[in-house]
Amino acid sequence: MYDGVTQMIEDEDILAYVSEEPRETSIPAREKVPDKNGFQEYDVQNAGTEVIGSSDDAFGIITTGIEPLEITESGARLTGYITASRRQDIRLGTYVIIPYGDEDLFARIWKLQYLQEFEVDDATEIHSKRMLKSNTTEEVDYKFLAFLDPICILYNQKNNKGVELTRRMGDRIPRPNTPILPVTDKIKIQTGLNIPKEGIFLGHLSVGGELVKTHAMPPNVPYYLRNDYSLGDPLVFRHLLVCGSTGTGKTFLTKNILRQFMNTENRYNLRGSTARKNPCLVIMDPQDEYSQLFEDNPKINSSDEYNFKSQMVDFGRCASTKTFVAKIDGHRYNGKSRSQQVEFTIPFELVKHNSWLIAAAGLTELQYLALDILFDDYFKGIGSHTYREFIEHIDDAGTRATYVDSGKIHEASYDGIVRRVKNRAYEAVFDQAARPITDILDEVFKAGQASVFPTEYINSSRIRDLIVLTLMTIVVDNKLSTSGDAALKKTPIILGLDEAHRYLSIASGEHSRRIISKFADAARQGRKEGLGLFLITQDPQDIDETVFKQINTRIVLNLTNDAAISSLKIQKEYEKRIPYLKKGQMIVHSPDNSDMVEIIGLSKCVVKHE
């Protein structure tokens, strides 16, 4: 009769293969027996570089008892039997090692399954009532199976630096009864997932919301974003996106990431120059939070400092932080910033080559063409060119007659332009009593400086949008132009744009199309011009596809909007986790940096955060 006792004995016989002590069997566990089929002999104690103390370290074994082992160019079928004592340690997504002896298979658990061990029908009313009254079921009464997705093969390779652990595609099939081992070597995990050993710190590797632990000190596995030129340009110039619902910690995380770029040793190349410069961090700040980069976080203690230093995490205030405040008639900034504040105004002359800045959404293509004609003629005139003077100019009956009677501009288009351009919001913005932004570019775009532009104090969304779009235009136009301002051309710039969906939304008219076209060019050329876009949004689905597809690194926090999740185009197994991510958890999709992974950010902000 086949019962639980018999099964337990057989389980012990199987585990004897990986036991520390030899068992009394017909073939001792340690005795090397020639294999007539040519299988490589496996010794647990000498497997790779992992140190296995006993069979208790193994989750279980590779088995052919359920279905054949198979590995092909298009996929694999690898099944593992998990022992009763380790079943509580297994989660979907757990990383494991299957040793070959000379190499290791690095794999991920993608499916878990229970199967009945004995011929018992437990799907009956009688059985269920018995179990509800007294559940005497033992774990060994069921088979617990883990299905493995091979990620890569890990092996040691000699190079000019010595011997280095490296990886290749999974091209070997593991031997039946080989143990399935936890990964306790930090280097193996980083190599297996292709994570850089240094760079911009984003967080620590996790599975199912639990940090991955190793035998290293500290035991966590740091996740870095590549920030050197070993495989091309640093990934910041391939652009980043942080997205998550309201209250998921986007600003907290963004502060921690942006602070890493402000290390004094962090320098980038510039095209056509041998000089390496610190980046200038330019942040559009709609909630008045990023000026706190100037302040230390008083909650950081000595233990935190030790952990930060051990994992190359930069912390502490950015002393070179300035807050640039747009002077708006009727609005006054009384925000959080304790850094130096510099007032500026937007000169009306900026619209000379950017007519869409002053035109509200809704102008037709013909009206835009007509507005360009008006601007061309107006700015050819001698003297200063201000918003008020322009309004007086187009309000003049003689000016109207000149354009309408000559047929240059249809009267309906002319009157429509006048209605849209005459706006009290524009009058409050242009040509105020402060230095023009165009006169202080060398002060704004300074290497090693964080330049913060708060807009929270402005109660008009039209004015806020005008200011942000103007600043974005200044950055892009000067970076992409061969005759751009030297302060911008010769400085690497990271442009942080919060609420990015407001400014890079799907084009719905001529106004939107001009913005998108400009920033699509910026995204494409940012790599060679030293311009990195750092976008923060809760609505990634609203960002225009021409810009969105240029973003290489996507950091995804909790999202519950199905359209937002689908727009990210990440692997299905990770897509399903997104609505369940807790604060601090995130999915990182960065194909040029690593495999897709789940990580947990720091529990404390490296600068002040309130």
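The structure under discussion appears in the preceding block.
Below is a summary of the structure that appears in this document. Every value quoted in this text rests on a predicted model; they were computed, and no experiment measured them.

Moving on, we get to helix α9 (residues 411–421). At 3.6 residues per turn, the α-helix brings residues three or four places apart onto the same side. Here α9 has its buried residues at S413, Y414, G416, I417, V418 and V421. Looking at the buried residues of α9, the elements they touch are α6 (365–379), α7 (387–395), α8 (397–406) and α10 (424–429).

Let us now look at α7. Turning to α7, its buried residues are Y387, F390, I391 and I394. In an axial view of α7, the angular spread of the buried residues amounts to 100 degrees, which keeps them on one side of the axis. In α7, those exposed residues whose orientation departs by more than 90 degrees from the buried face are R388 and E392. The inward-facing, buried residues of α7 abut α6, α8, α9 and α10.

Moving on, we get to the pairing of strand β9 (residues 200–207). Counted residue by residue, β9 has eight buried out of eight residues, so it is predominantly covered. One ladder, built from four bridges, connects β9 with strand β11 (residues 222–225); its direction is antiparallel. Bridge pairing in β11 places G203 opposite Y223. With three bridges connecting them, β9 and strand β23 (residues 597–600) associate as antiparallel partners. Bridge pairing in β23 links H204 to I600.

What follows covers the nonpolar core. Of all hydrophobic cores here, the largest spans 145 residues; its most connected members are F348, I358 and L504. Here the element with the most residues in this core is helix α12 (residues 461–480); it accounts for ten residues. Residue contacts for I358: discarding those within four places in its chain leaves F348, V351, L371, F375, Y387, V421, Y426 and F430. Grouped together as the second largest cluster of nonpolar side chains are 17 residues, L69, I82, V96 and L105 included.

Conventions adopted
Residues numbered from 1 in each chain as written. Predicted model: local features only at pLDDT ≥ 70, side-chain atom pairs only at ≥ 80, totals over all residues. Heavy atoms only, no water. Buried < 20%, exposed > 50% of the residue type's maximum accessible area, 1.4 Å probe, protein only. Helix = DSSP H or I, 4+ residues; strand = E, 2+ residues; numbered from the N terminus. Contact = heavy atoms within 4.5 Å. Arc of directions from axis to C-beta. Pairing = 2+ DSSP bridges. Core = buried A, V, L, I, M, F, W, Y, C linked by side-chain atoms within 4.5 Å.

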